[in-house]
Amino acid sequence: KQEVTQIPAALSVPEGENLVLNCSFTDSAIYNLQWFRQDPGKGLTSLLLIQSSQREQTSGRLNASLDKSSGRSTLYIAASQPGDSATYLCAAASGYSTLTFGKGTMLLVSP
Amino acid sequence: ETGVTQTPRHLVMGMTNKKSLKCEQHLGHNAMYWYKQSAKKPLELMFVYSLEERVENNSVPSRFSPECPNSSHLFLHLHTLQPEDSALYLCASRPTGTGKVGGYTFGSGTRLTVV
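Summary of the structure given here. (Residues numbered from 1 in each chain as written. Chains lettered and ligands numbered in written order. Predicted model: local features only at pLDDT ≥ 70, side-chain atom pairs only at ≥ 80, totals over all residues. Heavy atoms only, no water.)

1. Quick notes on the nonpolar core
Generally speaking, a soluble globular protein has its nonpolar side chains buried in company with each other. Which entries qualify depends on this criterion: As used here, the term nonpolar core means buried Ala, Val, Leu, Ile, Met, Phe, Trp, Tyr and Cys residues forming a set that is joined through side-chain atoms within 4.5 Å. The cut-offs for exposure are 20% and 50% of the maximum accessible area for each residue type, with area from a 1.4 Å probe on protein chains only; residues under the lower value are buried, those over the upper are exposed, and the others partly exposed. Only DSSP runs of H or I reaching four residues or more are called helices, and only runs of E reaching two or more are called strands; each is numbered from the N terminus.
One finds L33, W35, L75, I77, Y88 and L107 of chain A to be the most contacted residues of the largest nonpolar core, which totals 22 residues. For this core, the secondary-structure elements that each account for two or more residues are β3 (19–25), β4 (32–38), β5 (44–51), β7 (62–67), β8 (72–77), β9 (86–93) and β11 (105–110) of chain A. Judged by nonpolar contacts, the second largest core, of 21 residues, contains M13, C23, L81 and V114 of chain B.

Listed below in structure tokens is the structure:
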């Protein structure tokens, strides 16, 4: 059974810092890995999708990497801003219907 | 808006009520999902409808009943719920048939409170 772990559970940084969020998964037989952002009480917004054949994806200040063999993915946020404050979730797709989520990293960026 | 629309956004219901949650997408996706998000827990898959399969999480109580009349609409019918069913219910959709597993698009969710 796939298990996804996200570290740290919470992170507080001053504005402008570069930061890394970590995601690990136990079953490397994944189709893709997706990073989401969730604001309090809201739904999930997709940030980046990395297919199993890819090593990384970039969108603006965000860069996500995937290392299937070690069961790890990282989300790098450059020059963090207060508007980046949210919970970040990673999810591993092990099949058509099996998307396993981590518990998330709650990020607070202070001005 | 993400392209997946959920209504209502908020719902308060008594334990004897019957209500339905609605999800609609016009992204051309062929798979739709219901997820439950409770405090301090990872998202839990409840139901899947797709061209490839229909999957039900056997741990979901029968007081939750899904309905998928077509590939654009998904409902979750609720009856005789319990207070522990209070949660954020999220609908998602995904493209299929491309030879690879596409990314998920989520709606904004329905915040359900059972009193």
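2. Description of the side chain of S38 of chain B
All names here are of chain B. Let me state the cut-off plainly: The contact definition used throughout considers only heavy atoms, calling two residues in contact when any of these lie within 4.5 Å.
Mapped onto the elements of the fold, S38 is located in the loop between β4 (31–37) and β5 (44–50). The class of S38 is buried, set by a relative accessible area of 13%. Among residues more than four places away in sequence, those in contact with S38 are E44 and A87.

3. Considering the sheet that holds strand β7 (residues 64–70) of chain B
Residue and element names in this part refer to chain B. Where we set the bar: Strand pairing follows a simple DSSP-based rule, namely that at least 2 bridges must link the two strands. Note on method: axes are straight lines fitted to C-alpha atoms, helices fitted across the in-contact stretch only, with angles between N-to-C directions ranging 0 to 180 degrees.
The strand order β1-β3-β8-β7 describes an open sheet built from four strands, whose pairing is antiparallel. Each edge of the open sheet is held by one strand with a lone partner, namely β1 (4–7) and β7. Neighbour-to-neighbour, the strand axes of this sheet turn through a mean angle of 20°, independent of strand direction. Sheet topology note: the strand β3 (residues 18–25)/strand β8 (residues 73–79) ladder contains seven bridges and is antiparallel. Along β8, the bridge assignment pairs K19 with L78.

4. Digging into the layout of surface pockets
This is how the line gets drawn: Cavities and pockets were defined on a 1 Å grid built over protein atoms only: a cavity is a set of grid points that admits a 1.4 Å probe from which the probe cannot escape, a pocket is an open set flanked by protein on both sides within 12 Å along at least five of seven lines, and lining residues are those with an atom within 4 Å of any such point. Grid points are joined across faces, edges and corners, and a volume is the space filled by probe spheres set on the points. Classification convention: Asp, Glu, Lys, Arg as charged; Ala, Val, Leu, Ile, Met, Phe, Trp, Tyr, Cys, Pro as nonpolar; all other residues, Gly among them, as polar.
Approximately 720 Å³ is the volume attributed to the largest pocket. Surrounding the largest pocket, 31 residues form its lining, T87, K103 and M106 of chain A together with Q37 and K40 of chain B being those nearest its centre. Secondary structure elements with two or more residues in the lining of the largest pocket: β1 (4–7), β9 and β11 of chain A together with β9 (87–94) of chain B. Its residues assigned to classes, the lining of the largest pocket comprises 13 nonpolar, 12 polar and six charged. In this structure, the second largest pocket occupies an estimated 380 Å³ of space. Elements that contribute at least two residues to the lining of the second largest pocket include exactly β10 (99–101) of chain A together with β5 of chain B. Among the elements that take part in the lining of the second largest pocket, β10 of chain A stands out by supplying three residues, more than any other. When grouped by side-chain class, the residues that make up the lining of the second largest pocket number six nonpolar, five polar and three charged.

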